[in-house]
Every structure is written in structure tokens, then in C-alpha cells.
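Listed here are the chains, written in short residue letters.
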Amino acid sequence: MRDITLGQYINGDSPIHRLDPRVRLILTLVYIIILFSFKSILQMILALVFILIAYAIVKIPLKMLLKSLKPIIPIVLFTSILNMFFISGDVVFSFWKISVTKQGLYYAALMSLRVICLLAGSSLLTYTSTPIELTGALESLFKPLTKLGFPVNDLAMMMTIALRFIPTLLEETDKIMAAQKSRGANLDTGKLFERIKALTPILIPLFVSAFRRADELALAMECRCYNGGEGRTRLNELRLKRSDLKATLVFCLFCVLLVLAGKI
Amino acid sequence: MSVIRLENVGFTYQKGMPDEKTAVSEVSLTFKEGSFVGVIGHTGSGKSTLIQMLNGLIKPTAGSVFIDDEDIWSDTSKLRDKRFKVGLVLQYPEYQLFEETVKKDIAFGPRNLGLSEEEIEERIIEAAGYLHLSPELLERSPFDLSGGEKRRAAIAGVLAMRPDVLVLDEPTAGLDPKGRKDILEVIDNYHRKENKTIILVSHSMDDVARYADTVLVMNSGKVMYYDTVEEVFKHSSELRETGLNIPTVTDILLTLNERGIGVDTDIYTVEKAADTITAAVKREVHI
């Protein structure tokens, strides 16, 4: 359970960690849009170089990035192979009925690079932002919607609580699994139906404890007079700094570079 | 009967990551057959990690764990059999209860062992007997019990598997004094009657001094002392320096000694402490 690196936060003190989470969120979104709107391989390589530089700034070991890329290797391979064989154009080489075309190879490389950049980019966001920062950023960005009667505050609180309890519930699952394994529960082998049945001793205690925790949390919040999100202030107010402006400028430069690269 | 032997065992969380943390390192020791071992140490000293390696719940990142001279990780298909030899009661075991009735919950372990229905029934009665669970209570839902009853029901679930080695991680945490005493008596009783090995993790030195014959002191993931109760508590002043508790009576005797009243300090039972204090008082009165 603990081997999941995608979506994990890595504590650090890099310039990217110190950015306003809203800036981080928006730049990541723009980066993803860019990935899908540009179509030349040179642009994709530039995008990859850009994200690798960002990883170097954050000082996240390359090993970790590779580990988080591992689960998508089959997808990358699958799309590459499909592209390679089924796009018609100038034949490079062929055997039996299958022929590999120049255009096919090009699109295969493009798609793989795009998927890799996509994952690396979104991972960078979660590596450098705590879940609390992200909900804070979302809340602040959606704030205008309160005027339309949309409960942004409540939604943000719900998200914060949900995210806060993911590690707790994972830990709880680990503990319950350990306890049931100690009593000889067989979770790894058997037919599909048996395996589903084997989950009962884990799911029931997990639900019981989730309800217990929810009860306790509700009580604790009421004890501290929580009564909805209206008019609440945050512990860490989000404020744009000079460094945020600089980061945005660097990113804009990168965008210009990409557009120029597309003209070549 | 089973003997657990650890050779240079170490465990590091998040190995290779920026936030890696070594929980246990270079632990080499043997848990003798039929002994009652008390494991003590600070929170975060690696006790819980260590005991989870004893039945193969976590794989050591260094060294090996042997049960009856067989490396438990040499053949992972046999790992489950090893788990039946070493029964592990984790912290707050009541969170593992899941069945409709206490009886069915206790039957979970024995059923996984593949025993016959009669044998399972026999095991339930035996385990319930040890833990003072009445036949009426066995038919109730485990979620309707009191905290102490839940704890006892959960321990019964492990005991019903008749493990050769019973490992308990702070089985008395969060219970009232009577609940604590009841559970410790149950463990002691099981140890005496069945002569099985007991490994008890505890924060209470008084409990360890009272029930264990061997003490394992863990400090920052390493073995600080592993010896008989007498030998370990001879180092009481060192233990106190590392911030660990020592038996209350030993603590009193050490303090008396510091205040200039000559008493024996290698003592950890109330009876012997009373003797040495009486002797000291007699001496003082004569002067």
C-alpha cells in the first residue's frame, strides 16, 4: 500500500515548494493543455526538458520519477505499437502483412513523450503541494462561485477532511490486514470469488472504524464551535509574492519558446 | 515447539527515498522455548517493527528471521504456515473483530488452519475458558461488547490457533487497572499451563518485572540489553538515564540510595524491597 508514489507529497524546501499553490496549480493545468495542443516532436522534447529542469530544482531523485512512471509503461507501449502499425504513410520496413511507416513512428514517439510529460507534470504538482495547500488553492480559485450560491467553503472542508483521512485509512487498512494475516487470512491466492470473500474481514473493521472516526471528528469540531464555512479565515492566507511572478514569467518564456519551436 | 532466531535483522522504512527511516538495525538474538520475554523501549524504539518481523508480516531489509532453523522468507509459499506457529496480537486488537458473533470471530483463525468443525468448537471453548468469556457472551455481536471484553475476545481469536509462540504488542494499552490485571493474568496462566513462549511488549516495567523471566530492552532500533530480569534491572540507573521507566520499587530504592540510605538496588519485586528496607530501617534505628 505504501509503494504508491503517484499523488504523494515529498517534503522539501525548493523554490517550487515555496510558490503559491494557486500558481502551481494553474501552471500545471496550462502545461497539460500545452501538451495536448502542440503537435511537433521538437516541442514535446522541449516540454520534457522543461519538466526535467523543474525536477532538478525540486531535487527529487530521478529514480522516484521513474518509479512513478512504471505503472503507465504498458499504456505507453500499447499506444506506441498501435500508432506504429496502423498509421498509413511512407513505409519504412514491412514484414508479412504489417508495415511500419515513418508517420507511424513519429506519432508513436510523440504520444509516448506526451504521456510521460503528462504524468511527470502532474506528479510534480502533488510532489510539491500538500493536499491542504491544494484544497486551499481550489477554494480560493472557486471563491467567485459563492456569489452564485455554490457552497465553496463546505466543499473545501469536505475535500480537506477526505484528503486528510486517506493516509489514516491506508494505515488502518495496513493494520487490519496485518491482524487478519496473523490469523491466517489468505489474501493473495484463490479464485476471484474466494478473494472477494476474503476481503470481508478487512472491509467490515475498516467501515466500523471509519464511522467511529467520523463520529469523533464531528464531535471534536462541534466542541470547537464549528458552524459552517461562512466567514471563516484561513491559518495560512494565500498571497502572491514576487517569486510567483518570476515563476510565471519563466513559464511564459517557455511557452513562447514552444510556439517558436513549432514554426521551425 | 518453535524457536525464533534473528540474525542481524534490520528494517528501514521508505528505503532509498529522501525520507527513509531506520526502525530496527543489527538485531541478533534467540527467543528460547518456553520463555516469557518482556520487550521494553521508548515509543519509536523499533519494538513494534521488530515483532511484526517475527511472523513475517514485514520482510526485514537486512538479515534473516529463522523459525526452527528455517529462514521464513526462503519459501514464501510456506509463510502462512509459519504464521500459525507465531500468533501475533497487535496493538488494539479489538479493531480486527468483524464477525456476527464473538464465537464466529474466534473461529476465524482455526478455520483458516483447516481444522474440522469439532476441533474448531473445542478450540473456541478452550480459548474462551482462558479469557473468561461466558457462553452467553460468545453468542453476542463483538460490536456490542465493552472495551475490555472486546480486547479479550480478540486475544481469544489468536489463542484459539494454539500458537507455539504468542507475541503481544501492548495488550493492556488503554484498559482500566482491573482490565490490565485480568489480561496479564490470562497470559501468565496460558504460559504456565501450556509452557509456550510468550513475547510481551509493554510500557509497564512493573508488569515486565512481575511476569517475564527475560527482558529485551530496545533503544533507537538496537538491542540495548537482552538478559534475565535480574541482570537487566541491575542496570536500573542506566535505564533511568536513557529515560526508560524502571519498576516502581527499584526506582524507590535507587532514590533512597541517592539520599544516603544504604539499600540494595538490584531488586524489582515488592517482597524483596520490603526486606531490604526493613533491614535498612533496623540499621538506622540501632545507630
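Throughout this description, residue numbers start from 1 for each chain and increase along the sequence as written. For this description, chains carry letters from A and ligands carry numbers from 1, given in the order in which they are written. Two thresholds apply to this predicted model, a pLDDT of at least 70 for residue-level local features and 80 or more for giving and counting side-chain atom pairs, whereas whole-chain, interface and lining totals are computed over all residues.

**Points about the packing of helix H3 (residues 41-58) of chain A against helix H6 (residues 102-128) of chain A**
Residues and elements named next belong to chain A.
Line of reasoning, step 1. The interhelical angle for the contact between H3 and H6, taken along N-to-C directions, is 25 degrees, at an axis separation of 9 Å. By the angle class used here, H3 and H6 are roughly parallel. Crossing handedness for the pair H3 and H6: left-handed. In this structure, H3 contributes Ile41, Met44, Ile45, Ala47, Leu48, Ile51, Ala54, Tyr55 and Val58 to the contact, and H6 contributes Tyr106, Ala109, Leu110, Leu113, Arg114, Ile116, Cys117, Ala120, Gly121, Leu124, Tyr127 and Thr128.
Line of reasoning, step 2. Each residue receives one of three labels: charged for Asp, Glu, Lys and Arg, nonpolar for Ala, Val, Leu, Ile, Met, Phe, Trp, Tyr, Cys and Pro, and polar for the others, Gly being one of them. Tallied by class, residues from the contact of H3 with H6 come to 18 nonpolar, two polar and one charged. Interaxial angle, 0 to 180 degrees, is taken between N-to-C directions of lines fitted to C-alpha atoms, where a helix line uses only the stretch in contact. By the criteria applied, helices consist of DSSP H or I runs no shorter than four residues and strands consist of E runs no shorter than two, each listed in order from the N terminus. Here roughly perpendicular refers to angles of 65 to 115 degrees, roughly parallel to angles under 35, roughly antiparallel to angles over 145, and oblique to all remaining angles. The handedness criterion is simple: a crossing whose near helix is rotated anticlockwise from the far helix by less than a right angle is left-handed, and one whose near helix is rotated clockwise is right-handed. Once C-beta atoms have been placed from the backbone, residue pairs whose C-beta atoms lie within 7 Å are recorded as contacts.

**A look at the nonpolar core**
Line of reasoning, step 1. Val37, Ile106, Ala156, Val167, Ile199 and Leu200 of chain B are the most contacted members of the largest nonpolar core, which has 76 residues in total.
Line of reasoning, step 2. Excluding residues within four positions of it along the chain, isoleucine 199 of chain B makes contact with Phe31, Val37, Val39, Ile51, Val165 and Val167 of chain B.
Line of reasoning, step 3. Put simply, a nonpolar core is buried Ala, Val, Leu, Ile, Met, Phe, Trp, Tyr and Cys residues tied into one set by C-beta atoms within 7 Å. Each residue is classed by its C-beta neighbour count within 10 Å, where at least 20 other C-beta atoms makes it buried, 12 or fewer makes it exposed, and intermediate counts make it partly exposed; the C-beta atoms are placed from backbone geometry. Formed by 19 residues, the second largest nonpolar core is a distinct cluster that contains Ala47, Ile51, Ile116 and Cys117 of chain A.

**A look at the sheet that holds strand E4 (residues 62-67) of chain B**
Residues and elements named next belong to chain B.
Line of reasoning, step 1. At least two bridges found by DSSP between two strands is the condition for calling them paired. Pairing in this open sheet of four strands is antiparallel, and the strands run E2-E1-E4-E5 from one edge to the other. In this open sheet, the two strands that pair with only one neighbour each are strand E2 (21-31) and strand E5 (70-71).
Line of reasoning, step 2. Pairing of strand E1 (residues 4-13) with E4, which is carried by five bridges, proceeds in the antiparallel orientation. Each bridged residue has a counterpart across the sheet, and for isoleucine 4 the counterpart in E4 is isoleucine 67.

**Re the interface of chain A and chain B**
Line of reasoning, step 1. Residue-level contacts link 21 residues of chain A with 26 residues of chain B.
Line of reasoning, step 2. Only helix H4 (62-69), helix H8 (152-182) and helix H10 (200-223) of chain A provide two or more residues apiece to the side of chain A that touches chain B.
Line of reasoning, step 3. Looking at the side of chain A that touches chain B element by element, the count peaks at seven residues for H8 of chain A.
Line of reasoning, step 4. By residue class, the composition of the side of chain A that touches chain B is ten nonpolar, seven polar and four charged.

**Considering the pairing of E4 of chain B**
All names here are of chain B.
Line of reasoning, step 1. Pairing geometry for E4 and E5, over two bridges, is antiparallel. Paired with isoleucine 67 across the strands is glutamate 70, a residue of E5.
Line of reasoning, step 2. The hairpin turn running from E4 into E5, its antiparallel successor, is two residues long, and aspartate 68 in that turn takes a positive phi close to 50 degrees.

**Describing the sheet that holds strand E9 (residues 214-219) of chain B**
Residues and elements named next belong to chain B.
Line of reasoning, step 1. Overall, mixed pairing links the six strands, which are arranged E6-E7-E8-E3-E9-E10 in an open sheet. The open sheet has two edge strands, strand E6 (86-89) and strand E10 (222-228), and neither has a second partner. Ignoring strand direction, the axes of neighbouring strands in this sheet form an average angle of 15 degrees.
Line of reasoning, step 2. Here strand E3 (residues 36-41) pairs with E9 via five bridges, running parallel. The residue bridging glycine 38 from the neighbouring strand is valine 215, located in E9.
Line of reasoning, step 3. Sitting on the sheet, helix H1 (residues 47-54) is in contact with E3, E6, strand E7 (165-169), strand E8 (197-201) and E9, with an inclination near 155 degrees to E7.

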